[in-house]
Amino acid sequence: MEQRAHWGSRLGFILAAAGSAVGLGNIWKFPYITGENGGGAFVAIYLLCVALVGLPVMVAEVLIGRSTQSSPVRAFHKLAGAGSGWVGMGWLGVAASFVILSFYSVVAGWSLHYTYLSLTGFTVNLEPSQFEPLFQSAFSSPTLNIGWHTVFMGLTMAVVLGGVAKGVERWSRILMPGLLLMMLILLINGFTLDGFGKAVDFMFGFRTDKLTAAGALEALGHAFFSLSLGMGAMLTYGSYLRKDDDIMGASITITVLDTAIAIAASMILFPLLFTQNMEAAQGPGLVFISIPIAFAQMPGGAFLAPIFFGLLVFAALTSAIAMLEVTTSSFIDVQNWTRKKATLFAGGLIFVIGIPSALSGGTDLFGADLEAVIGKNWFDAFDYLASNWMLPLGGLGIAIYTAWRMNEAIRHDHFLAGSKLQVFYKAWLFLLKFLVPVGIILVFLQAVGLI
Ligand code: PFF
């Protein structure tokens, strides 16, 4: 049996885990759902969900990973016994990573395409009215979508093949500082724009009339997605930690970074929109239609556009690496496969599962026909299934197991080891026992229409 791989340093873990958390969810999805939900009130509820539900679940996931030194399936095997139903939780995580990465790679593919377009100066050469048709034609082109999906999955597999310290950690150390630098340049630009004040008001002005139950539930679901919780990614990364690393401290750092970056992304995008007198509620097309229009109309836009789309690619890549690592490490642990075999198999399979999502924009069986039957295309169906059901269910299982089932000595010992934040133990356990399960169950009841 191979020895468990470990991170080269504590910073390496933080960068890799923050890389997993910071992704398209922060830069593409958070701003557009904030826009759709009217700003301030949604942001406030999101922050509460992150602090009271997301953070406790993250600590629990990392703790399960570190205490078992195993990927999700093996971890529950060790903790609860081979025949236990809890092992199913591990498999649910593996399934969720397949589903999410398959459509995530398609959006990452659009980001690669737009990086390429912006390097060739498309914001200079097109009229504002041409950006929507441009996105529609890219979105519905099988060749483009499959092509970029292939490139993106190839990049992700190449990193994961390198292993924990030499692949995942090494690349996180390069991509994350790059991402922060690109954000900083764009943020400074946002700050200088006329629309900045309006953006601050939109993001932080609390308007109770905008508060809706559906918005609150979307905020909770997104907290799981954005912090990479509920599918064993943080558990897997935690399994590469050594005993003396501070779980609570690291989880706080990762959560704060992820949240700050989602807010910063909004403070990059909304000033651009408001300066051009555009609306905030643009939906998923915000980043691919409205933002290029804004870049086309502002001085320096041709220079900033490749930075912005490059940022999206970097963010997507570090998240995709985490998702592939969940499945790869599961195959290594459970089947005793080599890393190479596990990565090629998992990556290859996810690539194939992603093909229907890549073809979703077309008018064939994978796109319009399916939409006519179930009301969603593959892409939306996968997103809905994973974000609204699989991740919260995974989070619920992790919270219940850690709070109600786990051996107290192991739990206490691992929370305390290496941590200066021991005073939080009781509060953490309380949230995990009561607030987290109740919050998640409310989401489910609302989703099935019972409340
Ligand atoms: N947290 C990522 C994002 O916000 O884009 C998405 C994600 C990555 C979800 C890894 C789950 C995961 F395991």
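The sections below set out a description of the structure shown in this document. (Residues numbered from 1 in each chain as written. Predicted model: local features only at pLDDT ≥ 70, side-chain atom pairs only at ≥ 80, totals over all residues. Heavy atoms only, no water.)

**Here's the deal with unusual backbone geometry**
Negative phi characterises most residues that are not glycine, and trans characterises most peptide bonds. With phi around 55°, Asn277 is a residue other than glycine that occupies positive phi space. You can see Asn277 is positioned in the loop between helix H13 (247-275) and helix H14 (290-297). With a relative accessible area of 69%, Asn277 lands in the exposed category. (Helix = DSSP H or I, 4+ residues; strand = E, 2+ residues; numbered from the N terminus. Buried < 20%, exposed > 50% of the residue type's maximum accessible area, 1.4 Å probe, protein only.)

**Topic: the packing of helix H10 (residues 196-204) against H13**
The contact between H10 and H13 brings their axes to 8 Å, and the two run at 130°. Classified by the angle between their axes, H10 and H13 sit oblique to one another. The two elements H10 and H13 cross, and the hand of that crossing is right-handed. Across from Phe196, Lys198, Ala199, Val200, Phe202, Met203 and Phe204 in H10, the residues of H13 making contact are Ile263, Ser266, Met267, Phe270, Pro271 and Phe274. (Axes fitted to C-alpha atoms, helices over the stretch in contact; angles between N-to-C directions. Parallel < 35°, antiparallel > 145°, perpendicular 65-115°, else oblique. Left-handed = near helix turned anticlockwise from the far one by under 90°. Contact = heavy atoms within 4.5 Å.)

**Observations concerning the side chain of Asp245**
Within the fold, Asp245 resides in the loop between helix H12 (233-238) and H13. Arg10 provides the closest opposite charge to the buried, unpaired Asp245, separated from it by 4.6 Å. With sequence-adjacent residues up to four places away left out, Asp245 is seen in contact with Arg10, Arg66 and Ala417. (Lys, Arg positive; Asp, Glu negative; His and termini not counted. Salt bridge = Lys/Arg side-chain N within 4 Å of Asp/Glu carboxyl O.)

**Section: the environment of Ala265**
Mapped onto the elements, Ala265 comes out in helix H13. Separated by 157 residues in sequence, Ala265 and Gln422 have C-alpha atoms that sit 33 Å apart. Those residues in contact with Ala265, other than ones at most four positions away along the chain, are Asn26, Ile27, Pro31 and Met183.

**Quick look at the packing of H14 against helix H15 (residues 301-335)**
At a minimum axis distance of 8 Å, the contact between H14 and H15 shows a crossing angle of 150°. Taken as axis vectors, H14 and H15 run roughly antiparallel relative to one another. The two elements H14 and H15 cross, and the hand of that crossing is right-handed. The segment H14 lies against H15, with Ile291, Pro292 and Phe295 engaging Gly301, Leu304, Ala305, Phe308 and Phe309. In the contact of H14 with H15, the residues fall into seven nonpolar, one polar and no charged. (Nonpolar A, V, L, I, M, F, W, Y, C, P; charged D, E, K, R; others polar.)

**Overview of the site of the ligand**
If you check the shell around the ligand, you find 14 residues, and the closest are Ala21, Gly25, Tyr104, Phe225 and Met231. With respect to the ligand, the backbone of Gly25 contributes an N or O atom lying 2.7 Å from an oxygen atom. Here a nitrogen atom of the ligand sits 3.0 Å away from a polar atom, N or O, in the main chain of Ser226. Out of a free accessible area of 340 Å², the ligand has 100% covered by protein chains. Secondary structure elements with two or more residues in the shell around the ligand: helix H1 (10-21), helix H2 (24-36), helix H11 (213-226) and H15. (Near = heavy atom within 4 Å. Polar contact = N/O pair within 3.5 Å; in protein donor to acceptor, adjacent residues only side chain to side chain. Areas by Shrake-Rupley, 256 points an atom, 1.4 Å probe, with all protein chains shown as cover.)

**A closer look at helix H8 (residues 142-161)**
Because each turn of an α-helix spans 3.6 residues, side chains separated by three or four positions in sequence point in the same direction. Helix length check: H8 (20 residues) gives 28 Å between terminal C-alpha atoms against 28 Å at 1.5 Å per residue, within 8%. Those residues of H8 not exposed but buried are Asn145, Trp148, His149, Phe152, Met153, Thr156, Met157, Val159 and Val160. Among the structural elements, helix H5 (87-119), helix H7 (131-139), helix H9 (164-192), H15 and helix H16 (339-358) are those in contact with the buried residues of H8. Of the residues one or two after H8, Gly163 is the one with positive phi, at around 95°. (Expected span 1.5 Å × (residues − 1).)

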